[in-house]
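Here is how the chains run, residue by residue.
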Amino acid sequence: MVPQVEAAHLFGKRIMAITSSTNTIGLLNLQKNGKHSNMDLPLFCSSHLKVRRFKRIFKCASQVNDISVEVVKPEIDFKDPDWKKHFQEDFDNRFRLPHLTDILDVKPRPTTFSLKSRGPPGDGNGAPMDTWYGYVNDDDRALLKVIKFASPNSAGAECIDPDCSWVEQWVHRAGPRKQIYYEPKEVKAAIVTCGGLCPGLNDVIRQIVFTLEKYGVKNIVGIQFGYRGFCEENLREVPLSHQVVQNINLAGGSLLGVSRGGPSISDIVDSIQAKAIDMLFVLGGNGTHAGANAIHDECRKRKMKVSVVGVPKTIDNDIQLMDKTFGFDTAVEEAQRAINSAYIEAQSAYHGIGLVKLMGRSSGFIAMHASLSSGQIDICLIPEVPFKLEGPNGLLQHLEHLIKTKGKAVVCVAEGAGQELLQKSDALDASGNVVLGDIGVHIQQQIKRHFKNIGVPADVKYIDPTYMVRACRANASDAILCTVLGQNAVHGAFAGFSGITTGICNIHYVYLPIPEVIRSPRRVDPNSRMWHRCLTSTGQPDFR
């Protein structure tokens, strides 16, 4: 069983286990005007709370299959004067970072990381470490949520109780600590890149190597072609050093190569033991992180002194709790080229219609942000918002209106949008994802058919820039994000954490337990201000 699929299977079991326990967070959909809101609201569940059972479809961690599980939906007893306290205690427990000291008797030592010297302290090339004050305290925290909503009816509201009471939710701040739990000269660190390509992979690899060397680590290797590189004999470790990675950020792709799937979790951990790896840095999305968490769990089960740290990689920007993931800004910027081409084609043709399909399996962030930034999109279609093609409120009717009034139209569609309009497939890709139907081609064909039937000429140009978008070099914004994420991944490993990922939350860099970020893909909230801004920009109606 491949690690992403196996991890998803294990994680599905974990969902069933934790949601039936007495200290977990559930989700509540409020009803407004008789209709269910799209808000998913966190609720606290403990012995103080009443619960009722219901069925909910969960998307498992590696996006393999929809799993129907019985979940306990908690109902908070808001009459309990201490409900906020119970909520915060439970939140702190869930967001506690796993540490080597949970399973091993290891003692910390003073850090070897200091910016007062050219290298690790003790080599006589700089000022003493204790004169520098750039370390993060273990008790430093950052707020997960920063908006205090006055009402559940506010756009994008995320409320715990009907009154939208303010409840502080703190997560761990990322960065270097004064105490570390490894002897740098004895460390063997490994880096692996999994899944598909994404702008910035080489930037992250580069910074991980630079920061490891700053601590004094000499033995750094790359695992080739994702998780499969652990066990395939023809894929050898790639020695990494400052000299090797110095200029890799100038190109797209991954120095180490990527792939989906791979050996079982047990085989991977066997390989980690055989290779004597102490730190594993895993670059990937939801499925890859599920695999990383399963590797972490297996290492703990075997009481191995191994830190497994994730760096969230997905141009879809669909990882929970984070402002954005690396590669997203570059993808939005690159998408402008395709949109601009579609606009020029539409403008230059008689009754021209430009159609652009962008990436976004379950989340429409790229399509939404690309539409907003271009200012040339008339219709934006995303997976989170259903639409109809036919009928008075359908997409085709609106296109007919645009052609009559403007003489042209430009449509941007995310690859996962409108899948209910296509024939469903049971086929899975190497990561266990359901193979999507091609919504872009389908809409193109339906537009041509519609305008032919009504006797109106229409010149449809279809552009799919998928692989161009993900294979390019990171832009300046992503390069900065990759730099910080790579550095913080190393700081987290030396601090003794494992089973964590690093990300940016409300402009602050934080560490989060992997299970909390892979519960489900992050999705565009159709009630959010950002989606409303997109609708204001395109001027499109509701296609339902």
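Let me sum up the structure you'll find in this document. This structure is a prediction, so every number in the text was calculated from the model and none was measured. (Residues numbered from 1 in each chain as written. Predicted model: local features only at pLDDT ≥ 70, side-chain atom pairs only at ≥ 80, totals over all residues. Heavy atoms only, no water.)

## Structural notes on the packing of aromatic side chains
Logical step 1: Tallied over the entire structure, the rule returns 6 aromatic pairs.
Logical step 2: Judged by centre distance (4.2 Å) and plane angle (20°), the rings of F91 and F95 are stacked.
Logical step 3: Under the relative-accessibility criterion, F95 is labelled buried at 3%.
Logical step 4: Look at Y215 and F494: their rings are 4.0 Å apart centre to centre, the planes differ by 10°, and that puts the pair in the stacked class. Of this pair, Y215 sits in helix α3 (residues 201-215) while F494 sits in helix α12 (residues 476-494); the two residues are 279 residues apart in sequence, bridging distant segments of the chain.
Logical step 5: Taking the relative accessible area as the measure of exposure, Y215 reaches 1% and is therefore buried.
Logical step 6: One aromatic cluster in this structure is built from F113, Y182, Y215 and F494.
Logical step 7: Here K305 stacks its cationic end above the ring of Y182, 4.7 Å away from the centre of that ring. (Phe/Tyr/Trp six-rings, centres within 6.5 Å; stacked < 30°, edge-to-face > 60°. Buried < 20%, exposed > 50% of the residue type's maximum accessible area, 1.4 Å probe, protein only. Helix = DSSP H or I, 4+ residues; strand = E, 2+ residues; numbered from the N terminus. Lys NZ or Arg CZ within 6 Å of the ring centre and 35° of its normal.)

## Points about the sheet that holds strand β17 (residues 379-381)
Logical step 1: Reading across the sheet, the 4 strands line up as β17-β18-β16-β19 and stay open at both edges, with parallel pairing between neighbours. Lying at the two open borders of the sheet, with one neighbouring strand each, are β17 and β19 (459-463). Going across the sheet, the axis of each strand differs from the next one's by a mean of 15°, ignoring polarity.
Logical step 2: As judged from the 5 bridges shared by strand β16 (residues 352-358) and β19, these two strands associate in the parallel manner. Its bridge partner lying in β19, L355 is registered against Y462.
Logical step 3: Most of the contacts of helix α8 (residues 365-374) go to β17, to which it runs at about 165°, and overall it touches β16, β17 and β18 (408-414). (Pairing = 2+ DSSP bridges. Axes fitted to C-alpha atoms, helices over the stretch in contact; angles between N-to-C directions. Contact = heavy atoms within 4.5 Å.)

## With respect to the pairing of strand β21 (residues 508-513)
Logical step 1: As paired strands, strand β9 (residues 170-173) and β21 are joined by 2 bridges and run antiparallel to one another. Note that in β21 the partner of H172 across the bridge is Y511.
Logical step 2: Of the strand pairs in this sheet, strand β20 (residues 500-505) and β21 are connected by 6 bridges, and their pairing is antiparallel. Along β21, the bridge assignment pairs T502 with Y511.
Logical step 3: In this antiparallel pair of consecutive strands, β20 and β21, the connection spans 2 residues, and N506 shows a positive phi of 55°.

## Comments concerning the state of the cysteines
Logical step 1: A complete count under the given rule lists 1 disulfide for this structure.
Logical step 2: What pairs with C159 in a disulfide is C164, and their sulfur atoms sit 1.7 Å apart. Between C159 and C164, the S-S torsion sits near 50°, and that sign places the bridge as right-handed.
Logical step 3: Looking at C164, the relative accessible area reads 4%, which means it is buried.
Logical step 4: The thiol of C534 is not disulfide-bonded; the next cysteine sulfur, from C380, is found 4.1 Å away.
Logical step 5: A relative accessible area of 0% places C534 in the buried class. (Disulfide = S-S within 2.5 Å.)

## Regarding the pattern of salt bridges
Logical step 1: Throughout the structure, instances matching the rule amount to 23 salt bridges.
Logical step 2: The partner of R109 in a salt bridge is E183, with the nearest N and O atoms 2.9 Å apart. Here R109, found in strand β7 (residues 109-110), pairs with E183, found in the loop between β10 (179-180) and β11 (188-193); they are 74 residues apart in sequence, far enough to count as distant.
Logical step 3: The salt bridge partner of K324 is D329, with a shortest N-O separation of 2.5 Å. (Salt bridge = Lys/Arg side-chain N within 4 Å of Asp/Glu carboxyl O.)

## Details of the packing of helix α7 (residues 328-348) against α8
Helix-helix packing is characterised by the crossing angle of the two axes and by the distance between the axes.
Logical step 1: Running from amino to carboxyl end, α7 crosses α8 at an angle of 60°, the nearest separation of the two axes being 9 Å. With respect to α8, the element α7 is oriented oblique. Relative to α8, α7 is oriented so that their crossing is right-handed. Packed against α7, whose contacting residues are F328, A331, V332, A335, Q336 and I339, the element α8 presents F365, I366, H369, A370, S373 and S374 at the interface.
Logical step 2: Considering only residue class, the contact of α7 with α8 consists of 8 nonpolar, 4 polar and no charged. (Parallel < 35°, antiparallel > 145°, perpendicular 65-115°, else oblique. Left-handed = near helix turned anticlockwise from the far one by under 90°. Nonpolar A, V, L, I, M, F, W, Y, C, P; charged D, E, K, R; others polar.)

## Focus: the pairing of strand β15 (residues 307-312)
When a strand is regular, its side chains alternate between the sheet's two faces.
Logical step 1: The element β15 is largely enclosed, with a buried count of 6 among its 6 residues.
Logical step 2: Burial along β15 is two-sided: S307, V309 and V311 and V308, G310 and P312, pointing in opposite directions, are all buried.
Logical step 3: A crossover connection joins strand β14 (residues 279-284) to the parallel β15 through helix α6 (residues 286-301); in handedness this β-α-β unit is right-handed.
Logical step 4: Note: β15 against β20, 2 bridges, orientation parallel. Paired with G310 across the strands is T501, a residue of β20. (Right-handed = clockwise from strand over helix to strand, strands pointing away.)

## Regarding unusual backbone geometry
Logical step 1: Despite not being glycine, N317 has its phi angle at roughly 60°, a positive value.
Logical step 2: Residue placement: N317 occurs in the loop between β15 and α7.
Logical step 3: With relative accessibility at 3%, the residue N317 sits in the buried group.
Logical step 4: We note that L321 has phi near 75°; this positive angle belongs to a residue other than glycine.
Logical step 5: Note on placement: L321 falls in the loop between β15 and α7.

## What about the sheet that holds β9?
Logical step 1: Spatially, 9 strands are ordered β8-β9-β21-β20-β15-β14-β11-β12-β13 in an open sheet, and the strand pairing comes out mixed. Pairing within the sheet leaves two strands with one partner each, and these edge strands are β8 (141-143) and β13 (238-239).
Logical step 2: In this sheet, strand β12 (residues 219-223) lies alongside β11 in parallel orientation, the contact comprising 5 bridges. Bridge pairing in β12 links V192 to I223.
Logical step 3: Sitting on the sheet, α12 is in contact with β14, β15, β20 and β21, with an inclination near 50° to β21.

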